[in-house]
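Fold and contact review
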Amino acid sequence: KMNAAISFEGDILKISIDGLGNAHAPFAAEILGLLPTGMIDDHGVGEVIAAMDKSAKFFASLEINNLIEDMRSGERALFITSGVNDDRTCAIILTNQRVLLKDNGVMKHSTKEIDPRSVTSISTGKKLTGESVSLTVSGSELEITTMPHGRGTEFAERLRALRDEANAPAPSQTPATDSG
């Protein structure tokens with residue numbers, strides 16, 4: 001048996017679900033399905049998934065299934081692909097605020113979160129088996145391999161742009177001069 005409480009906080013709909021088992025997500029989807037079309041902001045996830053290549057959709061399908069639940073207020077999905085990190089297949093999600101490496105294995109679920117501002121080095125490589133991206137994040141090395149061809153390079157370019165934008169100095173406010 002599942003129970004749900006629905007409330008609004010400003011323009012944000014909050015659903016709190018209580019019950020045993022793992023049917024929370026389908027129950028929430030059932031509730032959301034009753035709302036009029038266009039009422040729910042999917043944080044751009046649907047559009048980005050539609051643009052994914054077939055192999056990435058296949059290898060990252062478990063990880064992106066409930067991705068909306070991981071999104072924060074104001075966050076937008078920009079890019080999703082698949083790859084291997086720490087010998088485990090994962091979804092690589094780039095948003096306007098962070099990078100997520102999600103692995104939903106049979107017995108293990110993990111998510112690594114990377115703040116683009118903490119990425120100090122980005123390098124790419126290409127092999128017959130796919131592309132790779134190596135990151136230096138807060139002094140630690142992180143490598144993603146076996147990315148679909150073209151997607152590693154695209155991810156690296158998009159992450160560089162996001163990092164550079166996040167680390168750009170704020171525009172200085174120059175006082176207006178009085179020529180009086």
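Structure shown above.
Rules and cut-offs
- Residues numbered from 1 in each chain as written.
- Predicted model: local features only at pLDDT ≥ 70, side-chain atom pairs only at ≥ 80, totals over all residues.
- Heavy atoms only, no water.
- Helix = DSSP H or I, 4+ residues; strand = E, 2+ residues; numbered from the N terminus.
- Expected span 1.5 Å × (residues − 1).
- Buried < 20%, exposed > 50% of the residue type's maximum accessible area, 1.4 Å probe, protein only.
- Arc of directions from axis to C-beta.
- Contact = heavy atoms within 4.5 Å.
- Polar contact = N/O pair within 3.5 Å; in protein donor to acceptor, adjacent residues only side chain to side chain.
- Salt bridge = Lys/Arg side-chain N within 4 Å of Asp/Glu carboxyl O.
- Core = buried A, V, L, I, M, F, W, Y, C linked by side-chain atoms within 4.5 Å.
- Pairing = 2+ DSSP bridges.

**Remarks on the environment of M39**
With respect to the element layout, M39 can be found in the loop between helix 1 (24-33) and helix 2 (45-50). Between the alpha carbons of M39 and S55 there is a distance of 31 Å; along the sequence they are 16 residues apart.

**Some details on helix 5 (residues 151-167)**
Between its terminal C-alpha atoms helix 5 stretches 24 Å, which fits the 24 Å expected from 17 residues at 1.5 Å a residue. Those residues of helix 5 that sit buried are R151, G152, F155, A156, L159, L162 and R163. Down the axis, helix 5 shows its buried residues gathered within 135° of arc, on one side only. Where helix 5 is buried, its residues touch strand 3 (77-85), strand 4 (88-95), strand 5 (99-104), strand 7 (119-127), strand 8 (130-137) and strand 9 (140-147).

**Observations regarding the side chain of D103**
Among the structural elements, D103 can be located in strand 5. A polar contact is formed between the side chain of D103 and the side chain of R88, at a distance of 2.3 Å. Not counting the four nearest positions on each side in its chain, D103 is found in contact with E63, R88, T89, C90, K108, H109 and S110.

**Focus: the pattern of salt bridges**
Within this structure, the stated rule accounts for ten salt bridges. Residue E154 is joined to R158 by a salt bridge in which the shortest nitrogen-to-oxygen separation is 3.1 Å. One end of the pair, E154, and the other, R158, are both in helix 5, four residues apart, so they sit about a helical turn from each other. A relative accessible area of 35% means that R158 is categorised as partly exposed. Taken together, the shared-partner salt bridges in this structure form one network comprising R72, E75, R98 and E113.

**Section: the nonpolar core**
If you look at the biggest cluster of nonpolar residues, it comprises 19 residues, and the most contacted ones within it are I92, V99, L101, I114, L135 and F155. Contributing elements (two or more residues each) for this core: strand 4, strand 5, strand 7, strand 8, strand 9 and helix 5. For this core, the leading source of residues is helix 5, giving four residues. Those residues in contact with I114 that lie beyond four places of it in its chain are R98, V99, L101, V119, L135, V137 and L142. Grouped together as the second largest cluster of nonpolar side chains are 13 residues, M52, A56, I64 and L67 included.

**Comments concerning the pairing of strand 5**
Most of strand 5 is tucked away: six of the six residues are buried. Burial along strand 5 is two-sided: the face carrying V99, L101 and D103 and the face carrying L100, K102 and N104 are both buried. The pairing of strand 4 with strand 5 spans four bridges and is antiparallel. Across the sheet, residue A91 finds its bridge partner in strand 5, namely K102. Linking strand 4 to strand 5, which pair antiparallel, is a turn of three residues. Summarising the sheet, strand 5 and strand 6 (residues 109-114) pair through six bridges and their orientation is antiparallel. Within strand 6, the position partnered with V99 by the bridge is I114.

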